[in-house]
Amino acid sequence: MTRPRAGPLPSVPPGAESAEEGPLTADALRVSEGVTRVLVLDDLPENLRLMGELLASSPVEVSFAKSGEQALRLAARADFQLAILDLNLPDVEGFEVARRLRALLPACELVYCSSYNDRARRDRAFNEGAIDFIEKPFDLAATRQRLATHVERLALRARLRGEKDKLDTMIASMPDAVLSMDEQRRVVLWNAAAQRMFGLEAGQIEGCTLDILLPDLPAQALALPSSRALPTAPPLQTRARRADGQRLQVELTLSRWWQDGRAFTTCIVRDVSDRIRLLEELQRAKEQAEQANQAKSRFLANMSHEIRTPMNAIIGMTHLALPHAGDARIQEYLSKIQASARHLLGLVNDILDFSKIEADRLELEHIEFALSEVLDTFSSLVADKAAAKGLALVFDIAPEVPARLVGDPLRLGQVLINYGQNALKFTDRGEIRVAITADQQDAESVLLRVAVSDTGIGLSEAQQAQLFQSFHQGDASTSRRYGGTGLGLAIARRLATLMGGEVGVRSRPGEGSTFWFTARLGRVANAVS
C-alpha cells in the first residue's frame, strides 16, 4: 500500500510524473483491503503537494494528476472511490472532467475545489452530484477534517458493501427458500431456492403475496413482536403451494428486520415433505411391530397356560404315585419324570413372565410383608441343594434393614431365587452369601440392596456385557453344560426396574461373582429392624 508521507515532498508528486511518462503497473494500481483510492486533480504542483499532506493521516492510496486528460486516463485504468477536482484547469473545463469521470466511474464521489467561490458555481457543483465544495486557499485544519470524514464514510460504506455481498452469497447458496416481504406481505427479496421450490420465475415471484405461496399460514403467525430485541419466532409447520398446484409440507422460520423505518419479514422455508413422509412410514412400521409383538406375547401367554395345565397334572400324579411304587426302579423313573416336569414348568413360567413383561401386562402387588418370609422361601429352595453340593449358605442382613416392608414379596423373591439358583449352578465348592443392606431410606421408603455372591467359575468382562439380555448366557458352552434359556436374568432386570431399582454384576474369571439388585420398597410405620 502506498500512502502520501508527511514532511518534505518533491516539487512534483511522483504519482503525477509516473502517470504522465508511462503506464501504471499492477502494484501501483493495487489497493489493500480497507483502503480508499483517491484521485487528486490540480494543475498546480504546490496544491497537489498540499493535498497529499492533508490526506497523509487517512487510510488512502492517492494518485495525482496535473491535467484533466491525465486524470481521465488514470480513471480509465483504476477504480477510484473519491475524486478531488480543481474546477480551474487550463486544458479541460472542470465540470466537463467531472461529467466524463462520472461516466467512467459512476460510483466515484466528487469533491470540487475552486478559488472562485461564487454562489452559481457552488450550486452547480452540488446539483451535478458533488458531496463537498472546498474553497481555496485551503483552511488546513478544516479541510483535513472534512477529507478524513469523507474517507471514513467511504471506508465504512465499502465494508458494509462487502458484508452485504457475503450475506447475499450465503443466502443465494442456501438450499432453503428465503423470502423477504414488506408490510403488505409482498415479496421484495428472494433467492434461487425459492424460485425452485415454488416453481416460479423471477418476474412471477416478485410482488407475489404470501397468502398465494403459503395459503395455509394463519395471519397471526406473522404477528411478530414489534420490539427489535425479539425479532425471531419459533419454527412452525404449514403447507406451501407450487405454481403447478402441488402442495408441499414446509417448516417455516420467521424473522423481522427494519430499513428506513419500515418493517420487513423474512421467511426461511424448508421443504420437509420427505421427512414427514418418512416419519409417517416409521410410525406405521412401529405400530405394526408393536402389534406383532403384542400378538407374539399373547401367543406365548396362551401357549404357556396350555402347557402349564398338563405339566401340573404330571407333577401332581407322580407325587401321588411315588409312595405306592414298590419297585426301586419304578421310583427312580417317577422321580426323573417329576424332576423333568418341574424343570420344564420353570421354563414355562419364565416364558410366561417374560411375555407378560413384554406386553406390559405384569402388575406388581403393593402389600405389607415380612422380609424373613421371603428369605425362608429362598432358603427352602436353595439350602438343600447347596448342602448336597457341599456349599455353605450364608445370610448377612444389615441391622438397619426393616423387618417389614411394603411391596411385592413374590417378585422380590423371584429375583433373589434366580440369583441363588445361578450361584448354585455355577459353584462347585465354597459358599453362597446373601447380603442385604439399606442404601437409602426415609420415613416412607427404603432402597433395598440385595447381593448374592458365590465362589464359582466367574465371568469375563465380555461375558458380563452380554448378561441381563433376553436369551443370552455367558457363552454357548454354558448353555450346553449347565442348561437354561437365558431368560432368568433378563426377567430379573425387568422386575428390578418395575420395583424402582436396577441390577448389576461384579465378577472375575475363577474368583466367583456377585449379582446384585436394588428395589424401592415402602416402610411400615413403627416396624423394627
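Up top is the structure.
The text that follows walks through the structure, step by step, so that each part is easy to find. (Residues numbered from 1 in each chain as written. Predicted model: local features only at pLDDT ≥ 70, side-chain atom pairs only at ≥ 80, totals over all residues. Heavy atoms only, no water.)

Below, the discussion takes up the packing of helix 13 (residues 371-388) against helix 14 (residues 409-426). Taken N-terminus to C-terminus, the directions of helix 13 and helix 14 make an angle of 25°; their axes are 10 Å apart at the nearest point. When the interaxial angle is binned, helix 13 and helix 14 end up roughly parallel. Of the two possible hands of crossing, helix 13 and helix 14 adopt the one that is right-handed. Packed against helix 13, whose contacting residues are Leu-371, Val-374, Leu-375, Thr-377, Phe-378, Leu-381, Val-382, Lys-385 and Ala-386, the element helix 14 presents Pro-409, Leu-412, Gly-413, Leu-416, Ile-417, Gly-420 and Leu-424 at the interface. (Axes fitted to C-alpha atoms, helices over the stretch in contact; angles between N-to-C directions. Helix = DSSP H or I, 4+ residues; strand = E, 2+ residues; numbered from the N terminus. Parallel < 35°, antiparallel > 145°, perpendicular 65-115°, else oblique. Left-handed = near helix turned anticlockwise from the far one by under 90°. Contact = heavy atoms within 4.5 Å.)

Considering soluble globular proteins, one finds that nonpolar side chains tend to be buried as a cluster. Within the largest apolar cluster, 44 residues are counted, with the highest numbers of intra-cluster contacts made by Tyr-419 and Phe-517. Mapped onto this core, the elements with two or more residues apiece are helix 13, helix 14, strand 14 (431-441), strand 15 (445-454), helix 17 (488-498), strand 16 (503-507) and strand 17 (513-523). It is helix 14 that contributes the most residues to this core, seven residues altogether. When residues no more than four places from it in sequence are discounted, the contact partners of Tyr-419 are Val-452, Phe-468, Leu-489, Ala-492, Val-503, Phe-515, Trp-516 and Phe-517. Core analysis: the second largest hydrophobic core is formed by 25 residues, Phe-80, Ala-83, Leu-105 and Ala-125 among them. (Core = buried A, V, L, I, M, F, W, Y, C linked by side-chain atoms within 4.5 Å. Buried < 20%, exposed > 50% of the residue type's maximum accessible area, 1.4 Å probe, protein only.)

On to the pairing of strand 8 (residues 236-241), then. Relative to strand 9 (residues 247-259), strand 8 runs antiparallel, the two sharing six bridges. Within strand 9, the position partnered with Thr-238 by the bridge is Val-250. (Pairing = 2+ DSSP bridges.)

The final tally for this structure, using the stated rule, is five aromatic pairs. Measuring from ring centre to ring centre gives 5.5 Å for Phe-95 and Tyr-112, while their planes differ by 70°; the resulting arrangement is edge-to-face. One end of the pair, Phe-95, is in helix 5 (residues 94-104); the other, Tyr-112, is in strand 4 (residues 109-114), and 17 residues separate them in sequence. On the accessibility criterion, Tyr-112 (0% relative accessible area) is buried. (Phe/Tyr/Trp six-rings, centres within 6.5 Å; stacked < 30°, edge-to-face > 60°.)

Pairing is parallel across the open sheet formed by five strands, whose spatial order is 2-1-3-4-5. In the strand order of this sheet, the two ends are held by strand 2 (60-65) and strand 5 (130-135), each with one partner. Along the sheet, successive strands turn relative to each other by an average axial angle of 20°, direction set aside. In this sheet, strand 4 lies alongside strand 3 (residues 82-86) in parallel orientation, the contact comprising five bridges. Paired with Ala-83 across the two strands is Leu-110, which belongs to strand 4. Contacting strand 1 (36-41), strand 3 and strand 4, helix 5 crosses the sheet at an angle of about 170° to strand 4.

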